[in-house]
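# Geometric and topological summary
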Amino acid sequence: MSAKQVIAAPDGLPRCPWPGLEAEANEDYRIYHDTEWGRPVHGDDALYERICLEGFQSGLSWLTILRRREGFRAAFADFSIEKVAAFTEADAERLLADPGIIRNRAKIAAAIGNARVAAELAPGELDELVWSYAPAPRSAPRAPSDVPAVTPESTALSKDLKKRGFRFVGPTTAYALMQSCGLVDDHVAGCHVRPSIAGRAAGGPSGD
């Protein structure tokens, strides 16, 4: 195993490099990497949550989002599409004053607007839409440099979502969504998480 492929954290498990080595500073990253990232996520509300969080992450570190995740869930009614779609202007102003989330007016408006778009879809349609862009399985990346930022599938998913009215879903954000929801498995070769994901059907139960 090359040092470029995986790193050994204090617990001795080989991981992708991005969660980092320092346990205290990166514990949120490590838990997310080990238990969520790359594992299949299904369900309209669950996917709506990931779309929102990836949109809020734009221009920021993912760690910033992880550390506010419970705040986001409280602010956005546990990411219930039905409930957020009914948010009013007063709710938007409330969110702008909420220190538990990222107080960005455009991103808040997009999250509410995206819920309204998702609410117009049939039950299960958002899940089906997102997963329809899952690419064929590919070999494990040997190093982080082998992981793309954008793919033809993420570009097509972004275009489809935008056509339907979703915002903050550019091709790079769409690929991050595909990674986080298990449409692709970008754990590097040798990472201890890969064996627990390998062979899971795209239509199987959520890994959350």
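Residues numbered from 1 in each chain as written. Predicted model: local features only at pLDDT ≥ 70, side-chain atom pairs only at ≥ 80, totals over all residues. Heavy atoms only, no water.

### Points about the overall build of the chain
For the chain, the count of helices and strands is 11 helices and 2 strands. In sequence order, the secondary structure elements of the chain are arranged as β-β-α-α-α-α-α-α-α-α-α-α-α. Each of the 208 residues in the chain was classed as buried or not, and the buried ones make up 50%. Contacts in the chain between residues far apart in sequence, at least 24 positions, make up 66% of those at least 6 positions apart. As displayed, the chain has an accessible area near 9,800 Å², and 55% of this comes from carbon and sulfur atoms. (Helix = DSSP H or I, 4+ residues; strand = E, 2+ residues; numbered from the N terminus. Buried < 20%, exposed > 50% of the residue type's maximum accessible area, 1.4 Å probe, protein only. Contact = heavy atoms within 4.5 Å. Areas by Shrake-Rupley, 256 points an atom, 1.4 Å probe, with all protein chains shown as cover.)

### Brief notes about the environment of Gly 38
Its place among the elements puts Gly 38 in the loop between α1 (23–35) and α2 (44–57). For the pair Gly 38 and Gly 182, spaced 144 residues apart in sequence, the C-alpha to C-alpha distance is 4.0 Å. Apart from residues no more than four positions distant in its own chain, Gly 38 is found in contact with Gln 179, Ser 180, Gly 182, Val 184, His 187 and Ile 197.

### Remarks on the packing of aromatic side chains
Aromatic ring pairs are defined here through the distance separating the ring centres and the angle between the ring planes. This structure, assessed with the given rule, holds 10 aromatic pairs. Ring plane angle 65° and centroid distance 6.0 Å describe the contact between Tyr 48 and Phe 79, whose orientation is recorded as edge-to-face. Of this pair, Tyr 48 sits in helix α2 while Phe 79 sits in the loop between α4 (69–75) and α5 (81–85), and the two are 31 residues apart along the sequence. Across the pair, exposure class does not vary: Tyr 48 and Phe 79 are buried alike. An aromatic cluster of three or more residues is present, and its members are Tyr 48, Phe 56, Phe 72, Phe 76, Phe 79 and Phe 87. (Phe/Tyr/Trp six-rings, centres within 6.5 Å; stacked < 30°, edge-to-face > 60°.)

### Some points on the layout of surface pockets
One number sums up the size of the largest pocket: a volume of about 500 Å³. Around the largest pocket sit 23 residues that line it, and Trp 18, Trp 37, Trp 62, Ala 176 and Gln 179 are the ones nearest its centre. Looking at the lining of the largest pocket, the elements with two or more residues in it are α1, α2 and α10 (171–180). With 5 residues, the top contributor of residues to the lining of the largest pocket is α10. Partitioning the lining of the largest pocket into residue classes produces 14 nonpolar, 7 polar and 2 charged. (1 Å grid on protein atoms, 1.4 Å probe; cavity = no way out; pocket = protein on both sides within 12 Å on 5 of 7 lines; lining within 4 Å. Points joined across faces, edges and corners; volume = space filled by probe spheres on them. Nonpolar A, V, L, I, M, F, W, Y, C, P; charged D, E, K, R; others polar.)

### Describing the confidence of the model for the chain
Regions with low pLDDT should not have their predicted coordinates read in detail. Across the chain, the average pLDDT comes to 90, with 89% of residues at 70 or higher. Every residue in residues 201–208 is under pLDDT 50, and counting partners more than four places away or in other chains gives 19 contacts. (pLDDT = per-residue confidence, 0-100.)

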